[in-house]
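Commentary on secondary and tertiary structure
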Amino acid sequence: SLKQERKDTILMFRERAGYSPQLNNSVEKQQLLDTLERFKKAPFKIALQKDGELTQISKHIFAEELGIVVPERTPKERRLVDVSPDGIYGYVHARNKDICGLVARGDVDIAVVGSDRVFESKLGDKVVTVSEYDGTDEWKWPIVIATAETADITDLSQIRSVATQYPEIAGQFFEEMGHEVAIIQSSGGTEAYPHIGVDAIIDLTSTGASLEANGLTKWEPAIFTVSPVMIVNPESMDKYVQQKNFYEQN
């Protein structure tokens, strides 16, 4: 029986007294361990989105504003932790959704994220937003409402359900309208939802091409505009100020 199989498996692991992790003693492994040790000692830690458009934007901002040059990573690079040659700056390459939490907890000192992430994480009161970069059109991404082209929806009051990766932004928008909707949180492939029973989606779009390709109509204007922001852990403000002053004076 399945129950007996589980018991046999547990017994097998208990009897394997020699079961242990397989350690890799290669040169590459030692280099990684050395990097991790240097990272732990780095006095100024930075989080970056591990891939995506904001990755290069973040590197540009850190170089231009603080004189910090983040090393490039190869497209196939799997290592998520790095450190500058002088050991001063430690870098963590993380998912965009996780970065606000890293800064808020003090795991890292500073990061550049999309303004949507600060809003969605509900951690705005636990980080200090020291710079906002909303003056450059190239660094703006609208979050819009979209409905199926075949849907007979001509007014927002007709919308009863919304699928989105931005539940906080969506919730505030409809709350301010005084309109109650069911919000279904998605983790991707949101464009399909209006064709399987949901009235509308709220999603980020740059060109609208993905919406059009999936038979969706974009509503104007955008309900939220995402732009990069630099956030700092409150206890790391002295580090940020010292770095900024040092760079500006030299």
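Before reading on, note that the structure itself is shown above.
This text gives an overview of the structure that appears in the document. (Residues numbered from 1 in each chain as written. Predicted model: local features only at pLDDT ≥ 70, side-chain atom pairs only at ≥ 80, totals over all residues. Heavy atoms only, no water.)

1. Some remarks on the sheet that holds strand S2 (residues 81-83)
The strands making up a sheet associate through hydrogen bonds between their backbones, and the pairing can be parallel or antiparallel. With respect to topology, six strands assemble into an open sheet ordered S2-S3-S1-S4-S12-S5, the strand pairing being mixed. For this open sheet the edge positions go to S2 and strand S5 (128-132), each flanked by a neighbour on one side alone. Taken pair by pair, the neighbouring strands of this sheet meet at an average axis angle of 25 degrees, ignoring direction. Sheet topology note: the strand S1 (residues 44-49)/strand S3 (residues 89-94) ladder contains six bridges and is parallel. Looking across to S3, one finds that lysine 45 is bridged to glycine 90. Those strands touched by helix H3 (residues 53-66) are S1, strand S4 (110-114), S5 and strand S12 (228-232), and its axis lies near 135 degrees from that of S4. Sitting on the sheet, helix H4 (residues 96-105) is in contact with S1, S3, S4 and S12, with an inclination near 140 degrees to S4. (Pairing = 2+ DSSP bridges. Helix = DSSP H or I, 4+ residues; strand = E, 2+ residues; numbered from the N terminus. Axes fitted to C-alpha atoms, helices over the stretch in contact; angles between N-to-C directions. Contact = heavy atoms within 4.5 Å.)

2. Considering the packing of H3 against helix H8 (residues 237-249)
To describe two helices that pack against each other, one gives the angle between their axes and the distance between the axes. Their axes nearest at 8 Å, the elements H3 and H8 cross at an angle of 65 degrees. If you check the angle between H3 and H8, you find them roughly perpendicular. Residues Ala63, Glu64, Glu65 and Leu66 of H3 form the contact with H8, whose own contacting residues are Tyr240, Gln243, Lys244 and Tyr247. (Parallel < 35°, antiparallel > 145°, perpendicular 65-115°, else oblique.)

3. A few points about the side chain of serine 227
If you trace the backbone, serine 227 turns up in the loop between strand S11 (224-226) and S12. Residue classification places serine 227 among the buried positions, given a relative accessible area of 7%. (Buried < 20%, exposed > 50% of the residue type's maximum accessible area, 1.4 Å probe, protein only.)

4. A word on helix H6 (residues 167-177)
Burial in H6 covers these residues: Pro167, Ile169, Ala170, Phe173 and Phe174. End-on view of H6: buried residues confined to an arc of 165 degrees, all on one side of the axis. In this structure, H6 carries Glu175 and Glu176 as exposed residues pointing more than 90 degrees from its buried face. Against helix H5 (115-121), strand S6 (141-148), strand S7 (161-164), strand S8 (182-185), strand S9 (200-204) and S11 lie the buried residues of H6. (Arc of directions from axis to C-beta.)

Treat this as a map of the structure, not an account of what it does.
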